[in-house]
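Structural features, examined
Spelled out from the first residue to the last, the chains are:
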Amino acid sequence: MQKKCLKFFVILVLSFVFFCSACLAREINDGSKKEPGQISSVNQPPDCCFEEVKSPRLSTEGYKKKVDNFVVIFDPSASMSEIFNGKTKFELAKCLLERMNNRIPDFKMLGALRTFGCPVYTSLLYGFAEYNPKDFDIALSTLKSADGVSPLDFALRETSKDFDKLTGKSAIIIFTDGKDMDEDVVTEARKLVRKFRDRVCIYGILIGNDEKGKELLERIVTASNCGFLKMADEVNSPQGMDDFVRSVFLCADADKDGVCDSVDECPDTPKGAKVDARGCWSVGVVLFDFDKYNIKSKYYPILNEVWEIMKQNPGLKIKIEGHTDIIGTERYNKRLSIRRANSGKAYLVRKGVKPQRIVTIGYGYSRPRAPSDTEEGRAMNRRIEFKPVR
């Protein structure tokens, strides 16, 4: 009887100790939660991810914004509670997302934060709204580690519906370990890309080292031709995170004409010049009456615009190309086209441009810009055009 009592007493004491330990742990965890509006991960464990760099947001010098909208899809499902490199995957992913939020350039764009996992298959915690780092951080502070499976396909399906209401280019950034997912996720990613084509890019940050998860996430991001996958370790440093943010949100724009270098067909646009979708100097066309080479006053604003650009770019030289319609002989039209080009040059020289900065050439009717079988087409072909000389 005494032995039974002693055994019962030991069990009771151990139960009490366990209960107190659990309560203490809960107090510690509750005390470490961020208050709404608190920026960065001040109360995160110091080794959660790289130490925050106290500096302004990522510099955009020499770059331009390449997205108009972005959504972060965050995985708080059961597998993210697993330990990876001494911390839970959830802790690491949340910390990295906080770091990313602190480095996104201060651009005007729409942002969103979506999660997935049981008991709610997918939930929009923030947005779509005009991106504000503080508001995004408040939403991020409400993230809780969930449970159950990983219905990323549901999150992608809802994101597709969100994009129906948006314009411009969008980025999807997925934080996940890629576990407990099936082929439906890849199918949904491909559906989304087919729907929005080059308006969407998918990026992934793999938390952990699950090979099947990595293979699946690689297939998801390559559904879009512009996406890529990064391992958590690759972005877990100030330089690594800056490189990631720059690749997702920015593109190089050396001549600052608003067109990404990767698609810029005219990479040396004169400063201050308007450009077309190709990144080439876009200046109006000066048209002429039939068999005339005098410039009408209504075209003076176009010539003045060229003059202003030449003032802003003292080293700039231009070529003025003259053209005619198809009526008349080749020899006559060749001379007429040169006279038209020289009329444009004379106007700019009178404005103060040095003659040696302007080259003139006449093409006659050899380079029409419109069909010559109508009066409207022939009128469009009687013109001069301006191009920078490289």
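Our next topic: the sheet that holds strand β6 (residues 122-130). Read from one edge of the open sheet, six strands run β6-β5-β2-β7-β8-β9, paired in mixed fashion. Unpaired on one side and paired on the other, β6 and β9 (229-231) mark the two borders of the sheet. The average undirected angle you get between the axes of adjacent strands in this sheet is 15 degrees. Along the sheet, helix α2 (residues 89-101) contacts β2 (69-74), β5 (110-116) and β7 (170-176); its crossing angle with β2, the most-contacted strand, is approximately 165 degrees.

Turning next to the state of the cysteines. Tallied over the full model, the rule gives three disulfides. For Cys201, the disulfide goes to Cys226, at an S-S distance of 1.8 Å. On the S-S bond that ties Cys201 to Cys226, the torsion sits near -115 degrees, and the link is left-handed. Remark: Cys226 occurs in the loop between α6 (211-221) and β9 and Cys201 occurs in strand β8 (residues 200-206); sequence separation between them is 25 residues. The class of Cys201 is buried, set by a relative accessible area of 14%. A relative accessible area of 32% places Cys226 in the partly exposed class. Here Cys266 engages in a disulfide with Cys280; their sulfurs sit 1.8 Å apart. Its S-S torsion of about 75 degrees marks the bond between Cys266 and Cys280 as right-handed, since a negative value means left-handed. Residue Cys266 is found in the loop between β10 (250-252) and β11 (286-287), and its partner Cys280 is found in the loop between β10 and β11; the two are separated by 14 residues along the sequence.

Criteria and thresholds
- Residues numbered from 1 in each chain as written.
- Predicted model: local features only at pLDDT ≥ 70, side-chain atom pairs only at ≥ 80, totals over all residues.
- Heavy atoms only, no water.
- Pairing = 2+ DSSP bridges.
- Helix = DSSP H or I, 4+ residues; strand = E, 2+ residues; numbered from the N terminus.
- Axes fitted to C-alpha atoms, helices over the stretch in contact; angles between N-to-C directions.
- Contact = heavy atoms within 4.5 Å.
- Disulfide = S-S within 2.5 Å.
- Buried < 20%, exposed > 50% of the residue type's maximum accessible area, 1.4 Å probe, protein only.

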